[in-house]
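Structural characterization, general
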Amino acid sequence: MKEIRHFINGEYVASESGRLFDDIDPATGENIARVHEGGKAEIDRAVAAARAALDGEWGHLPIAERMARLHRVADRINERFEEFLAAECADTGKPRSMASHIDIPRGAANFKIFADLVKNVPTESFHMDTPDGTGALNYAIRRPKGVIGVISPWNLPLLLMTWKVGPALACGNAVVVKPSEETPQTTALLGEVMNEAGIPAGVYNVVHGFGPGSAGEYLTQHKGVDAVTFTGETRTGTAIMKAAAEGIRDVSFELGGKNPAIVFADADLDQAIEGTMRSAFANCGQVCFGTERVYVERPVFDEFVSRLKAGAEALKMGPSQDPDVNFGPLISQEHRDKVLGYYRLAEEEGATVVTGGGVPEMPEAFGGGAWIQPTIWTGLGDDARVVREEIFGPCCHIRPFDSEDEVVGLANDTDYGLAATVWTRDLARANRVVRRLEAGLLWVNSWFLRDLRTPFGGMKSSGIGREGGVHGLEFYSELSNVCIKL
Ligand code: NAD
């Protein structure tokens, strides 16, 4: 059986404790690898290696050379594309058609975009008057923050991890990554790529394990970690923020969502249905900015519901290798239990089940997998837990509305503020509505369309800070002002 080790100081190493855990294929329930579980000892070693790397070659590389090596990282991911693709699909069960178009290409792009950006971002300078008339010159210098702790989730493992590691390394930091225990493979494989690309030992370190009482918690508590960037659940973010408070260490959080889509009657319904299909069901509904609440203007409500139902029922479920498959399993049996709990709760809360609501029949080979039906509900009250809590599964509730004011109120009636989507042909109305919606990512007549130079992050309980483009540089670097008396 394949063994997955930590990657510390440029080498793959076993856990001191000898403890290992299983890596399960969510499509079959089979164990595909054994993973070393890190503890305090491995976090200590990884943080020490990262600190030493900052003082070594990495800390002194000319910026052009640092960027050239990050370009090589991207190139090597693309050269080893099939290996990354196979590893990501084995860990997540997601369709190859999705991972080959989104996860792996974006994993590579995340290194190029930030390398190109950092080279070209200016810092400010101000000439000031002084009483003696000679004046003074102020200019800002941008420096790496130091050792960055990176804690990433399982839904888009390589994409979301490199979305942090790319800018962190472009800014000259060193990282210690704790990938999700569900999806260790691509983060581990990236260690080989770092060595091949000439990234010095200790710049990129990986320690596998769990959250509380394991590698994740120890990483956030370690005083040698200068800042923590985390993507995952809101309640995990709360725990990490408490740990980071010790030593006043900076945090950047991309957390959960309960994202609304608003469909006005004048929308291009073909587009709105295609977009809502993707936003509710892509990646088996396990996308942070996926749509779980859909509000449809009353004149087109019935048509929208019946067409979305037809779309959900036409999804092709199956193994990731099948090129026609566009719907995979959930990440684990544990997560399926959680989602099925919400499916039951929806019925208890009085929902009409338009389609789905349970577990599909699968061929015997996939009997142990975490398969679930795409599900649509109508008829729930606005206070139903199913309408208020993040489920993170392939499901949505659709509710009619009658006016712009009403729907803005409904959309904002949530603790979260990650994403919102508006479908209308009236761009003046779109502009009016999005300016009132409380979310960090606002899409009009599209969904998941991302220019990596733009700010990315959530409001309210959905996060702190913005990553993407120059915005990430605020987190991954320190600005100091130099004032020279002339
Ligand atoms: P999770 O919070 O359970 O786990 C994320 C990571 O945190 C894992 O690596 C886990 O081991 C680690 N962890 C857990 N407890 C910890 C602790 N106390 N200290 C340190 N580390 C700890 O999240 P998940 O289930 O992997 O991912 C799904 C969640 O992520 C959903 O809520 C989803 O909305 C959110 N998400 C948000 C975004 C975004 O950009 N806003 C993107 C993807 C996923």
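Residue positions are given per chain, counting from 1 as you read along its sequence in written order. The predicted origin of the model limits local features to residues at a pLDDT of at least 70 and limits the giving and counting of side-chain atom pairs to 80 or more, whereas totals for whole chains, interfaces and linings rest on all residues. Think of the side-chain values as coming from all heavy atoms in the structure, minus any hydrogens and water.

Named according to an unreviewed UniProt entry, the protein is 2-hydroxymuconic semialdehyde dehydrogenase originating from wastewater metagenome. UniProt positions are given in the numbering used here, feature names are shortened, and annotations may be inferred rather than shown by experiment. Under the heading Sequence similarities (unreviewed entry), UniProt records this for the protein: "Belongs to the aldehyde dehydrogenase family."

1. Notes on the side chain of Arg-399
One can find Arg-399 in strand 17 (residues 395-401). Whether two residues touch is decided by their heavy atoms; if any such pair falls within 4.5 Å, the residues are in contact. If we ignore the near neighbours within four places in the chain, the residues touching Arg-399 are Val-294, Tyr-295, Val-296, Phe-301, Asp-382, Glu-406 and Leu-410. By definition, any uninterrupted DSSP run of H or I lasting at least four residues is a helix, any uninterrupted run of E lasting at least two residues is a strand, and each is numbered from the N terminus.

2. As for the nonpolar core
Within the largest apolar cluster, 81 residues are counted, with the highest numbers of intra-cluster contacts made by Val-165, Leu-190, Tyr-204 and Phe-289. Considering every element that reaches this core, the biggest residue donor is helix 5 (residues 96-120), with 8 residues. Not counting residues up to four positions away in its chain, the partners in contact with Leu-190 are Val-73, Ile-77, Phe-84, Phe-111, Met-161, Thr-162 and Tyr-204. Listed in part, the 55 residues of the second largest apolar core include Ala-267, Leu-269, Phe-301 and Val-339. We call a set of buried Ala, Val, Leu, Ile, Met, Phe, Trp, Tyr and Cys residues a nonpolar core when their side-chain atoms join them within 4.5 Å. Only protein chains enter the accessibility calculation, which uses a 1.4 Å probe; a residue whose area is less than 20% of its type maximum is buried, one above 50% is exposed, and one in between is partly exposed.

3. A closer look at a nonpolar patch on the surface
A patch is a set of surface residues, each over 30% in relative accessible area and not in a salt bridge, joined within 9 Å for like charges and within 5 Å for the nonpolar side chains Val, Leu, Ile, Met, Phe, Trp and Tyr. In this description, accessible areas are obtained by the Shrake-Rupley approach with a 1.4 Å probe, and a residue is regarded as covered only by the protein chains that are shown. A pair is scored as a salt bridge if a Lys or Arg side-chain nitrogen falls within 4 Å of a carboxyl oxygen belonging to Asp or Glu. Together, Leu-137, Tyr-139, Ile-141, Ile-484 and Leu-486 line one region of the surface with nonpolar side chains, adding up to about 370 Å² of accessible area. Considering every element that reaches the nonpolar patch, the biggest residue donor is strand 7 (residues 136-144), with 3 residues. One can find Tyr-139 in strand 7. Classification of Tyr-139 by relative accessible area gives partly exposed; the value is 31%.

4. Notes on the packing of aromatic side chains
Each Phe, Tyr or Trp ring, with Trp reduced to its six-membered ring, pairs with another whose centre is within 6.5 Å; inter-plane angles below 30 degrees give stacked pairs, above 60 give edge-to-face pairs, and intermediate values give tilted ones. A full pass over the atoms with the stated rule returns 17 aromatic pairs. Both rings, one in Tyr-343 and one in Trp-377, keep their centres 5.7 Å apart while their planes meet at 85 degrees; by these two values the pair is edge-to-face. A residue pair is termed long-range when its members are at least 10 positions apart, and Tyr-343 in helix 12 (residues 333-348) and Trp-377 in strand 16 (residues 375-378) qualify at 34 residues. Just as Tyr-343 is buried, Trp-377 falls in that class too.

5. Quick notes on empty space enclosed by the protein
Cavities and pockets are found on a 1 Å grid laid over the protein atoms alone: a cavity is a set of points where a 1.4 Å probe fits but cannot escape, a pocket is an open set with protein on both sides within 12 Å along at least five of seven lines, and a lining residue has an atom within 4 Å of such a point. Grid points are joined across faces, edges and corners, and a volume is the space filled by probe spheres set on the points. Inspection of every chain in the model, using the stated rule, returns 5 cavities of 30 Å³ or more. In this structure, the largest cavity spans a volume of roughly 100 Å³. Lining of the largest cavity is provided by Arg-106, Leu-156, Leu-159, Leu-160, Trp-163, Cys-288, Phe-289, Phe-448, Arg-450 and Phe-456. The biggest single contributor to the lining of the largest cavity is helix 6 (residues 157-170), with 3 residues.

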